[in-house]
There are 2 protein chains.
Amino acid sequence: MTTQQLFWCIPAASLLALGFACYFFRMMLKEKEGNDLMQSIARYVREGAMAYLKQQYRVVTVVFIILAAFFALLAYGFGVQNPWVPFAFLTGGFFSGLAGFIGMKTATYASARTANAAQHSLNRGLRVAFRSGAVMGLTVVGLGLLDVSLWYIILDYFVEGATETQKIVIITTTMLTFGMGASTQALFARVGGGIYTKAADVGADLVGKIEAGIPEDDPRNPATIADNVGDNVGDVAGMGADLYESYCGSILATAALGASAFYISGSEMQLKAVFAPMLIAAAGVILSVLGIFLVRTKENAGMKQLLRALGRGINTSSALIAAATFGILYILDIQNWAGLSFAVVSGLAAGIIIGQATEYYTSHSYKPVQRIAGSAATGPATVIISGIGTGMISTAIPVLTISAAIIMAYLCAIRFDVAHMMTASNISMGLYGIGIAAVGMLSTLGVTLATDAYGPIADNAGGNAEMSKLHPDVRRRTDALDALGNTTAATGKGFAIGSAALTALALLASYIEEIKIGLQHIGQQILILPSGKEIDVAGATIPDLMNYFQVNLMNPKALIGAFTGAMTAFLFCGLSMNAVGRAAQNMVAEVRRQFRDIKGIMTGDATPDYARCVAISTKGAQREMLLPSLLAIVIPIATGLLFGVAGVMGLLIGGCSTGFVLAIFMANAGGAWDNAKKFIEEGRLGGKGSDNHKATIVGDTVGDPFKDTSGPSLNILIKLMSMVSIVMAGFTVAFSIL
Amino acid sequence: MTTQQLFWCIPAASLLALGFACYFFRMMLKEKEGNDLMQSIARYVREGAMAYLKQQYRVVTVVFIILAAFFALLAYGFGVQNPWVPFAFLTGGFFSGLAGFIGMKTATYASARTANAAQHSLNRGLRVAFRSGAVMGLTVVGLGLLDVSLWYIILDYFVEGATETQKIVIITTTMLTFGMGASTQALFARVGGGIYTKAADVGADLVGKIEAGIPEDDPRNPATIADNVGDNVGDVAGMGADLYESYCGSILATAALGASAFYISGSEMQLKAVFAPMLIAAAGVILSVLGIFLVRTKENAGMKQLLRALGRGINTSSALIAAATFGILYILDIQNWAGLSFAVVSGLAAGIIIGQATEYYTSHSYKPVQRIAGSAATGPATVIISGIGTGMISTAIPVLTISAAIIMAYLCAIRFDVAHMMTASNISMGLYGIGIAAVGMLSTLGVTLATDAYGPIADNAGGNAEMSKLHPDVRRRTDALDALGNTTAATGKGFAIGSAALTALALLASYIEEIKIGLQHIGQQILILPSGKEIDVAGATIPDLMNYFQVNLMNPKALIGAFTGAMTAFLFCGLSMNAVGRAAQNMVAEVRRQFRDIKGIMTGDATPDYARCVAISTKGAQREMLLPSLLAIVIPIATGLLFGVAGVMGLLIGGCSTGFVLAIFMANAGGAWDNAKKFIEEGRLGGKGSDNHKATIVGDTVGDPFKDTSGPSLNILIKLMSMVSIVMAGFTVAFSIL
C-alpha cells in the first residue's frame, strides 16, 4: 500500500469505532429502564444534567467567540498568524464538547437500566454499565480520529506551501490549533463539571451523612439529585472532553513533530512520520473494540472474576497494540521503525507501571490506605496529615517512571546515539520519540475509558436504586461495581496524567517550530546568533533558535518563567479548590434550610426542593469556572509579551513539571482518602457510623475536589498552556518587550 | 582605606554583634526567674531541651563524620575535590549547630523570666522576651560573619593559585563547602526539631484540648512539657540553625559569584566584589543593634504601640541599610556601584512586599483568614479545603515579587544592557546582582530575627504561667506577646523563603564555576564545543560551559532533572508530614494511656509522667529525620551520576521553583489556619469550645507540620541540593554516565 492509501485506514477506523458506539448505545437502550419511579428519577437526573450542559455550553460559546475573534484579529489584522487558526480552534472546541455530550447522554440513559439489570445479577449490571462506558470510550476515540483526518483532508486541499515538505509542516502546526480548541473546551468542562459535582457531593455528605445521619443518596436529602447530576456532568461529560483532548493532543503534537523531524528526509518520509501516530491510534481503536468484547463473564461470576475480566480486556489490547506497532511501522517503512516501536512500548509500559503504582497508593488492599484509615483513631486531623503525606510520597514512582520513559523513548528514537544526543536532527527525532510514546500510552483509550466511564454510571445506578427503594441487594451490587470502577478509574487517571507530561514535552518542540513560522510571518529573514554568525530563518534548526533566543537555564527570563509556571499550577488549584469550598458552603446552607423549613422531610412526608440545589450547583459552577480556566490562556500570553521566547519556555517547563507532580499528588491523596473511608465502611476499625468513620468522611470530603476538580484539570492546564503558547508564537515574536 | 583594611570591618562588626549578644544575655539573666514552681518548670523544660539537643547532635555527628570521610576520599583518594572540603564542611556544621544551641540556651533561661516580668506589665514582659530574642538574632549574624571572615583569613594564608585572581576563585568556592555544612546541620535541626515539636503539639492538642477539654499548657496534660520543650528545639534551635545557614549561604554564594564575575577585572576589583556582600552584612549588623535599641515603649503601652515599636526597629534598620549600601559600594569604589546598590534595594523591597503579602494571607485582620474561619460553620472539611485553597492562591504575589526582584537585580547589575543580556560577562554580573539582592534581603536579619525568636519565648512563658497557676492576666499578656510574635514570624518566614530562592539561583552560577574547576581537577584541558570549536577549559565562560554540556530546555536530561526536582520537594514534604503524623499518633496513644491508667490526673491528685512523652518525641524525631534529610544529599549525587551536568541543572531549577512555591503554600496555609482558630478563640463565631472552634482546631493541627516542619525545611532543602551539587561537581564530571 502507498502511504496515501494507508491514510484511509484512519477515517475507516474512526467510523468503525463510531459504528460500534452506535451499536452499543442501541443495545443499551433496548434494556428495560425499570419501574415508573426509577424512570422518573432517571428523567429528573437526565434533565438536570442536560440543563446544566446547555448552560455550560452557552457560557463557553461566548468565551470561544471572543477568543476566535481575537485570533482572527491576529491572523487577518496583524498577519502574525495562520488564517485557519480561528476555524480550527472552534471545531476543536465543538468536537470536544460533543464527545462529552454524547457520553453524558448515554450515561444518563444507562443508570436506571443498570440498576434494573442489577436486580437480576451483578453480572448483568456490569454488562449494561460497561457497554454504556464503551459508548463513551469509542465515541471519544472515534470522534478524535475523525476530526484529525477530516482536518487533514481539508488542509491538504487548501493549504499551499513553497514546497511539499513546508506544506506538511504548516498543515500539522495548524492542526495544533484544533487541539487548543479541544483543550479549552475540556478545561471548562473539567473545572465547571468538577465544581458542580463536588459542591453537590460535599454539600450532600456534610449535612446528610454527618449531621442528619442519613445514608448516601437518600431521597430525603435535598442535594441528592444535584449529586447524581454532578456525577454525570463532572465525571462523565468532563472526563469525556478531557480525554478527547488528551487523545487528540498527543496525536497532533506527534504529527507536528514528525513533520519537522523528518523535514530533511523529503515529503514522502515526512508524511509517514505524520501518519504513524494516527495509524497506531487507528490500530488501537480496532484492538479496543476487540478488548471490549473480551470483557464478559459467566452469569454467576464474583467480584474477582469481574476484575479479571476487565483486566483481560485491557491487557490483551495493550499486548496486541505493542505487537501491532512493530507491524505498522515496519509496513509504513519509516526510518528507524524498530527504535520508534520501542519508544511506543516504553510509553505503554510506563502507563501500566504508573497505573500499578496508583493502585498501590489508592487501593485499600495495600498498606498506605490502611495506614490512613488507621490514623482515624486520632481524629480527622491525622487523617488529613497522613493523606497529604502519602499523596506527596506517591509522586515518586510515577515521576521516576515517566523520566525513564522519556529517556528511553528519546534514546530509542535516536538509535542510542548518545555521543550526539543534542544535534539538531537528534533533538527532533528524540522528541518525536517522546511524542509517539505518549500516543502509545493512550492508544488503548477506547477500552481503558470504557472501564473508567462505567464507574459513574454504576454510581448513579446506585443512587437510582437507593431513591427508588429497591432491594438492598441491588445497592450492594451497584456499590461493588462502583468500587471496581474506583480501581480502574485510578489507573485511567494515571494514563491521562502521564500522557499529559509526555505530550507537553513534545509540544515544546512544536513551540520552537511555530516560533520559526512566526518569524517568517513578521518578515524576519535572517537571525544573528550571539556568536555573530548569520543564519537564514527558513533553515534554522531547533538548536539555532534555542541559541538565538538564549533559552538556557541561566537566562533570568527562563528562570522567572519557571517560577511563574510552578506558581500557575498552584494558583489554578487554589482557585478551583476555593470555588468548590464556596459552592459547597452555599449548598450546605440550602440543605440545612430545607431540613429546617420544610416540615416532614425527615419522615418522608414532604418532598425536598431538589431543583433549588441543582440551581445552586449550576450557578456556582458557572460563576467560578471562568477565572481559573482563563489563567491558562492569559498567563502564557502575558509571559510571552513580557519575557519573550525564553520566558515562555521556562513557563512551560515550570508548569509542566510542577503541574505533573501536583496532579499526581492531588489525584492519589483524594483516591486514598476515598478508599480509606470505604475500608472502614466495609466493617473494619469500628465500621459505619463510628468516630473513625466520621474522621475518614472528613478526609474523603477534602479529597473530593483534590481528585475530581483540581487534580484532573491540571493535566489539561499544562497542555493548554503549551497550545496557547504555540498559537500565540507569532504574537510573541512580534510584540515581546524583553 | 584600602580594600584589605576595609575587610577588618567584617570581623569587627561580628565581634560587636557577639558582644551585644553577651550583654543582652547577661541583662536577661539578671531578671528574677519567679517563684520555686516557676523555676522548677523552667528547669524541667531546659533539661528536656538540652537532653534532646545532645541526642540530636550525637546522631548528626555520626552523619557528619560519614560525609566528611566520603569527601576526604573524593579529595585525597580520587583527587576530584579540593583538600579543604572536609574541614570546611565540618566547621559549617559546627557553627550552625552552635548558633542554634546558644539561641536555645537563652530561650530556656528567658521563659520563666518573661512570665515573671509579665506579672508586672505587658511592656516588661516584652522587654525581657525581645532582648532574649535579640541574643539569638545577634548570635546568628555575629557567628555567621565571624566564621566567614575566619575562613577567609585561613584560606587566604594557605591556598595557592596560579595567579591572585585564580586564588580568590578557589578560596570563595571552597568556602561554599562551609555553607554546605551549615545547610546540612540546619536541615537536620529543622526537620528533627520540627518533628519533635509538632508531634508533641499535635498530640497534646488532640487529646488535651479536643478530647479532655482542658486548656493549652494545662499541667494535667502529660504532653505539656514535651510541647514546651518542642517550642525550644524546633522553633528556636531549628530556626537559629536555619537562618544561620540562610545568612551565610547568601553571603558565600554572592562572594563566589563576585570572584568569577570580576575575574577579568583583576584581583583588586575581584576582592572588592568578594568583600561587598560581607561589608553590606557588616553594616546590617551594626544597624540591627541600633534597631534593637529602638524597640522600646512607654511603661503603659498597649498592643498597637508594641507592634509599632517593633515595626519602628525593623523599618529604621531597613531604610538605613538601603542608604548605607550606596555609601559602602561607593567607598569600596566597585564597578557599577550604583547599579549594584539598586540591586540590593530591590532585594530589600521584595522582602518587605513578601512580608506584607504573608501578613495579608495569614493575619486574621484580613479577609482570607476570616473566610477560613467562616467556613468552619460547615465543619472541619471545608476549613481544610479553604485553607489549602487560600494557601495555594497566596503563592501568586510572592512569586511575582521575587520574579520582579530577579529581573530588576539582574538588569541593574548589567546597567540595563538589555541587548546583550546573555553575554558571558553580563551573565556573571547579572547573577552577582541577584546574589547581592539576597544579601540585601537578609542584611537586617539581626533585628528581624530578634522579633521572630521572641515569639516562642513568649509562648513558653505562657506555658510556664499556666503550669505555675499564675494570675490569668499573666497568661493574657503572654498570649498577646505570642500573637504579636505570630505576625512578625510570618514576615520572617517570607524573608527566609524569598532569600532562599534568590540564593539558589545565584548558586547555579557557582555550580558552573565549580564544574570548570572539576574539569581541571580531572586533567581535562580542552573542550570541544558542539560547533566543533575547541576552547581552553581555564578560559571557558559560563555560556561556553552551558553550550558544552548542552544545558538547555530541550535536553531530555535537563527535563528529567526538572521533573525529579519538583518531585523531590513533594517527596521530602510527604516524608516529613508522615513522620509528624506517626510520632503524633504515638504521643496521642501515650497521653490517652496516662489519662486512663494514672488515676487522679484530671483532679490534680497525681502528676502525669511527663518524661515518657518527652522520650516519645525525642525517639520519633531522631528516627524520622534521617530519611527526608538524606534525600537532599543523595538525589543530587544520583542525578549527577546518571544524567551529568544538564541533569543536575534541571534538578536544581525544578527543585528551586517547585520548592519555593510549595514552601510559601505550606507556610501560609499553616499560618492562616492557626490564626483562623485564634480569630474564633477571641470570641467570634461562637468562641472557644463551639463547634466552629473545634473545626478550626482540626485546621490548626493540620497546619502545624505545614508551617513548622515541612514548609520551613524546604528553603534549606533547595539550597542544600545546590551546595551538594557544587561540592560534588568534580565527582559528577569524573564519573557521570550519560
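**As for the overall build of chain A**
Then comes step 1: Looking only at helices and strands, one finds 21 helices and 2 strands in chain A.
Then comes step 2: Computed over its C-alpha atoms, the radius of gyration of chain A comes to 25 Å, within 12% of the 27 Å expected for a compact globule of 738 residues.
Then comes step 3: Taking the principal axes of its C-alpha atoms as reference, chain A extends roughly 85 × 50 × 45 Å.
Then comes step 4: Looking at chain A as a whole, 70% of its 738 residues qualify as buried.
Then comes step 5: Sequence separation of at least 24 residues holds for 84% of the intrachain contacts in chain A that already meet a minimum separation of 6.

**Quick notes on the packing of helix α10 (residues 337-362) of chain A against helix α13 (residues 396-413) of chain A**
Residue and element names in this part refer to chain A.
Then comes step 1: Running from N to C, α10 and α13 point in directions that differ by 175°, and their axes come no closer than 8 Å. Relative to α13, the element α10 lies roughly antiparallel. Counting all contacts with α10, which are made through G339, L340, F342, A343, S346, G347, A350, I353, I354 and A357, the residues of α13 involved are I397, P398, T401, I402, A405, M408, A409, C412 and A413.

**Comments concerning the relation of the copies chain A and chain B**
Then comes step 1: For the pair chain A and chain B, the superposition axis carries a translation of 0.0 Å, the fit reaches an RMSD of 0.0 Å, and the rotation angle comes to 180°. Viewed as a symmetry operation, the transformation between the two copies matches a two-fold axis. Minimal C-alpha distance to the rotation axis in chain A is attained by N552(A), lying at 2.2 Å.
Then comes step 2: Take the interface residues of chain A: 100% of them recur as interface residues in chain B, which is what a same-surface contact looks like.

**Observations concerning the environment of P472(A)**
Then comes step 1: Mapped onto the secondary structure, P472(A) falls in helix α16 (residues 472-521).
Then comes step 2: A sequence separation of 353 residues divides P472(A) from Q119(A), and the C-alpha atoms of the two residues are 9.8 Å apart.

**Describing the interface of chain A and chain B**
Then comes step 1: The interface of chain A with chain B comprises 74 residues on the first partner and 74 residues on the second.
Then comes step 2: No other element matches the 21 residues that helix α18 (residues 556-597) of chain A contributes to the side of chain A that touches chain B.
Then comes step 3: Its residues assigned to classes, the side of chain A that touches chain B shows 52 nonpolar, 22 polar and no charged.

**Quick look at the confidence of the model for chain A**
Then comes step 1: With 100% of its residues at a pLDDT of at least 70, chain A reaches an overall mean of 90.
Then comes step 2: Reported confidence for the predicted complex is 0.95 by ipTM and 0.95 by pTM.

**What to know about the packing of helix α15 (residues 445-467) of chain B against helix α16 (residues 472-521) of chain B**
All names here are of chain B.
Then comes step 1: It is the contact of α15 with α16, at a shortest axis distance of 7 Å, that shows an interaxial angle of 150°. What the angle tells us is that α15 and α16 run roughly antiparallel. The hand of the α15/α16 crossing is left-handed. Along the contact surface, α15 presents T448, L449, T451, D452, Y454, G455, A458, D459, A461, G462, A465 and E466, while α16 presents V474, R475, T478, D479, L481, D482, G485, N486, T488, A489, G492 and F495.
Then comes step 2: Considered class by class, the residues forming the contact of α15 with α16 number 9 nonpolar, 9 polar and 6 charged.

**What about unusual backbone geometry?**
Phi is mostly negative for residues that are not glycine, and the peptide bonds are mostly trans.
Residue and element names in this part refer to chain B.
Then comes step 1: Located in the positive-phi region is D333, a residue other than glycine, with phi close to 55°.
Then comes step 2: Along the chain, D333 turns up in the loop between α9 (303-332) and α10 (337-362).
Then comes step 3: Since 11 C-beta atoms lie within 10 Å of it, D333 is described here as exposed.
Then comes step 4: One non-glycine residue, R415, lies in the positive phi region at around 50°.

**Quick word on helix α15 (residues 445-467) of chain A**
Residue and element names in this part refer to chain A.
Then comes step 1: For α15, which comprises 23 residues, the first-to-last C-alpha distance of 33 Å matches the rise-based estimate of 33 Å (1.5 Å per residue) to within 8%.
Then comes step 2: The element α15 is largely enclosed, with a buried count of 23 among its 23 residues.
Then comes step 3: One or two residues past the end of α15 sits K469, with phi positive at roughly 55°.

**Focus on the environment of I292(B)**
Residue and element names in this part refer to chain B.
Then comes step 1: Structurally, I292 is set in helix α8 (residues 267-294).
Then comes step 2: I292 sits in the buried class, given 23 other C-beta atoms within 10 Å.
Then comes step 3: Expressed as a C-alpha distance, the spacing of I292 and A729, which sit 437 residues apart in the sequence, is 42 Å.
Then comes step 4: Contact partners of I292, with chain neighbours within four places excluded, come to A134, G313, V447 and A450.

**Re helix α8 (residues 267-294) of chain A**
Residues and elements named next belong to chain A.
Then comes step 1: Over its 28 residues, α8 runs 40 Å from end to end, which matches the ideal 40 Å to within 8%, given 1.5 Å per residue.
Then comes step 2: Helix geometry: α8 is bent most strongly at F275, by close to 35°, with proline P277 lying one to four residues after it.
Then comes step 3: The element α8 is extensively covered by neighbouring structure, given that 23 of its 28 residues are classed as buried.

Thresholds, definitions, all that
- Every residue gets a number counted from 1 within its own chain, in the order that chain's sequence is written.
- Note on labels: chains are lettered from A, ligands numbered from 1, in written order.
- Confidence filtering applies because this is a predicted model: local features only for residues at pLDDT of at least 70, side-chain atom pairs given and counted only at 80 or more, and all residues used for totals across whole chains, interfaces and linings.
- Elements are defined by DSSP. Helices are runs of H or I of four residues or more, strands are runs of E of two residues or more, and each kind is numbered from the N terminus.
- Both definitions apply: the radius of gyration is a C-alpha atom measure, and the globule rule equals 2.2 Å times residues to the power 0.38.
- With C-beta atoms placed from the backbone, the exposure class of a residue follows from how many other C-beta atoms lie within 10 Å of its own: 20 or more, buried; 12 or fewer, exposed; in between, partly exposed.
- What counts as a contact is two residues whose backbone-derived C-beta atoms lie within 7 Å of each other.
- Whenever a helix is involved, its axis is fitted only over the stretch in contact; in every case the axis is a line through C-alpha atoms, and angles between N-to-C directions fall within 0 to 180 degrees.
- Roughly parallel here means an angle under 35 degrees, roughly antiparallel means over 145, roughly perpendicular means 65 to 115, and every remaining angle is called oblique.
- Least-squares superposition aligns the copies on the C-alpha atoms of those residues with pLDDT at or above 70 in both.
- Each residue is assigned to one of three groups, with Ala, Val, Leu, Ile, Met, Phe, Trp, Tyr, Cys and Pro labelled nonpolar, Asp, Glu, Lys and Arg labelled charged, and all others, Gly among them, labelled polar.
- Each residue carries a pLDDT score, the predictor's confidence in it, ranging from 0 to 100.
- We call a crossing left-handed when the near helix sits turned anticlockwise from the far one by less than a right angle, and right-handed when that turn is clockwise.
- Helix span, expected: 1.5 Å multiplied by one less than the number of residues in the helix.
- Bend, in this description, refers to the angle at a residue between axes fitted to the seven residues ending there and the seven starting there.

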